[in-house]
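# Report on the structure
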Amino acid sequence: MADLKQFAEQLVNLTVKEVNELATILKDEYGIEPAAAAVAVAGPAGPGAEAAAEQTEFTVVLKDAGASKLAVVKAVKELTGLGLKEAKDLVDSAPANVKEGVAKDEAEGLKKSLEEAGAVVELK
């Protein structure tokens, strides 16, 4: 395993020129068309690169129902449009995703409503 880790580290640290040379060798000598070479080069940008690309879709995760489980079940039912049984099952299976792929404002609103009902909620 140590050899694979070292190999992976070498690949990650290749320069653009070295990646292009590698792509040429793979294509000419082995017939492999490395289409993802540009993606690999763009991968390890630098500190703060992820902060520049702001997240636009969030997943609201119910971590724990807290002390007032009934209030949380009611809140989940209202916020998601689920039936009572489905909302209860979701709360019982915490940690569970309440909603996925929602906008930041909606995610924060859901989080606030669920926390007011007594739940522990996380945004991903």
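Residues numbered from 1 in each chain as written. Predicted model: local features only at pLDDT ≥ 70, side-chain atom pairs only at ≥ 80, totals over all residues. Heavy atoms only, no water.

### Re the pattern of salt bridges
This structure, assessed with the given rule, holds seven salt bridges. Put simply, Asp89 and Lys85 hold a salt bridge, and the shortest N to O gap is 3.0 Å. Here Lys85 and Asp89 lie together in helix 6 (residues 84-92), a separation of four residues that amounts to about one turn. Measuring nitrogen to oxygen at the nearest pair gives 2.7 Å for the salt bridge that ties Asp92 to Lys88. Here the residue Asp92 and the residue Lys88 both occupy positions in helix 6, the gap between them amounting to four residues, near one helical turn. Taking relative accessible area as the criterion, Asp92 reaches 37% and is therefore assigned partly exposed. Of the residues examined, Lys88 reaches a relative accessible area of 40% and is grouped as partly exposed. Bridged by salt links that share partners, the residues Lys63, Glu122 and Lys124 form one connected network. (Salt bridge = Lys/Arg side-chain N within 4 Å of Asp/Glu carboxyl O. Helix = DSSP H or I, 4+ residues; strand = E, 2+ residues; numbered from the N terminus. Buried < 20%, exposed > 50% of the residue type's maximum accessible area, 1.4 Å probe, protein only.)

### Here's the deal with the environment of Gly118
On the secondary structure map, Gly118 appears in the loop between helix 7 (104-116) and strand 3 (120-123). Taking the C-alpha atoms as reference points, Gly118 and Ala67, 51 residues apart in sequence, are found 6.7 Å from one another. The contact partners of Gly118, leaving out residues within four places of it in the chain, are Ala65, Gly66, Ala67, Ser68 and Val72. (Contact = heavy atoms within 4.5 Å.)

### Some thoughts on the nonpolar core
Of all hydrophobic cores here, the largest spans 20 residues; its most connected members are Val60, Leu62, Val72, Val76, Val91 and Leu114. Those elements giving two or more residues to this core turn out to be strand 1 (58-64), helix 5 (69-80), helix 6, strand 2 (96-102) and helix 7. The biggest single contributor to this core is helix 5, with four residues. With residues up to four places along the chain from it excluded, the contact list for Val91 reads Leu62, Ala65, Lys69, Val72, Val73 and Val76. (Core = buried A, V, L, I, M, F, W, Y, C linked by side-chain atoms within 4.5 Å.)

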